Amino acid sequence: QVTLKESGPGILQPSQTLSLTCSFSGFLLSASSVNLGWIRQPSGKGLEWLATIGWEDVKHYNPSLKSRLTISKDTSNNQVFLKITSVDTADTGTYYCTHSDYYDTYYGPFAYWGQGTLVTVSS
Amino acid sequence: DIVLTQSPALAVSLGQRATISCRASQSVSTSSYNLMHWYQQKPGEQPKLLIYDASNLASGVPVRFSGSGSGTDFTLTINPVQADDIATYYCQQSRELPNTFGAGTKLELK
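Cut-offs applied
- Residues numbered from 1 in each chain as written.
- Chains lettered and ligands numbered in written order.
- Predicted model: local features only at pLDDT ≥ 70, side-chain atom pairs only at ≥ 80, totals over all residues.
- Heavy atoms only, no water.
- Helix = DSSP H or I, 4+ residues; strand = E, 2+ residues; numbered from the N terminus.
- Rg over C-alpha atoms; globule rule 2.2 N^0.38 Å.
- Buried < 20%, exposed > 50% of the residue type's maximum accessible area, 1.4 Å probe, protein only.
- Contact = heavy atoms within 4.5 Å.
- Areas by Shrake-Rupley, 256 points an atom, 1.4 Å probe, with all protein chains shown as cover.
- Lys, Arg positive; Asp, Glu negative; His and termini not counted.
- Charge placed at Lys NZ, Arg CZ, Asp CG, Glu CD.

**Here's the deal with the overall build of chain B**
Right, on to step 1. Across its full length, chain B holds zero helices and eleven strands.
Right, on to step 2. Helices and strands appear in chain B in the N-to-C order β-β-β-β-β-β-β-β-β-β-β.
Right, on to step 3. In terms of C-alpha radius of gyration, chain B reaches 13 Å, essentially the compact-globule figure of 13 Å for 110 residues.
Right, on to step 4. Referenced to the eigenvectors of the C-alpha coordinate spread, the extents of chain B come out at roughly 35 × 25 × 25 Å.
Right, on to step 5. With 110 residues in all, chain B has 49% of them scored as buried.
Right, on to step 6. Pairs at least 24 residues apart make up 55% of the contacts formed inside chain B by residues separated by at least 6 positions.
Right, on to step 7. Carbon together with sulfur atoms contributes 46% to the accessible area of chain B, which is approximately 5,000 Å² in total.
Right, on to step 8. Looking at chain B, you have 8 positive and 8 negative side-chain charges, and the mean spots of the two groups are 7 Å apart.

Below, the structure is given as structure tokens:
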């Protein structure tokens, strides 16, 4: 059974760095074709894909935020991390950890989602 | 980026058919795959995968949900609509990075 659970600071101030952790179980990130990533959703708004990291440590970022994002993984402890630098109020929202597969040369759908962690940026 | 366009809302009666559309700014199909996926999100919950690769039902999803389409035009159909289906529905393409989502269609009761 695949489970994903996000954790984060809850609240932070503008200009700080947001650090998020996704702890997962039910699969191995070292397994071929497995990818984990992050998607966020401002309250009452739509979904925005942020970043993905794959079993071969291949990383992809949303170009609109790329300069501020760093995704990494700890395969031994079944965790994936996301850092976002220089946050402001526009970064407020719920952040989801997601699992997707990779087939041929394409990414598949986000089949599994964590419950999300709410992040508020406020002074 | 590939832009996905959805109507903001759709009003339906219980027991009737609901058809939700998603139009892509360029083709999301390959020779082997139609890389369009559909999600359901209820208030306070995470999105849930309903349909992948345009027409494949995700595990555990009721058969009243179906998907169709190719190229740039895709449709999610719910027939018949039940009270539990009142939610927001998002399409998402994985043909090209960055992955992009439609703005969502809120299904409402008429």
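**A look at unusual backbone geometry**
Right, on to step 1. Of note, the bond from Asn79(B) into Pro80(B) is cis; its omega dihedral lies within 30 degrees of zero at 0°.
Right, on to step 2. Mapped onto the elements of the fold, Pro80(B) is located in the loop between strand E8 (73-78) and strand E9 (88-93).
Right, on to step 3. Not every positive phi belongs to a glycine, and Asp57(A) is a case in point at roughly 70°.
Right, on to step 4. Looking at where Asp57(A) falls in the secondary structure, it is placed in the loop between strand E5 (48-54) and strand E6 (59-61).
Right, on to step 5. On the accessibility criterion, Asp57(A) (38% relative accessible area) is partly exposed.

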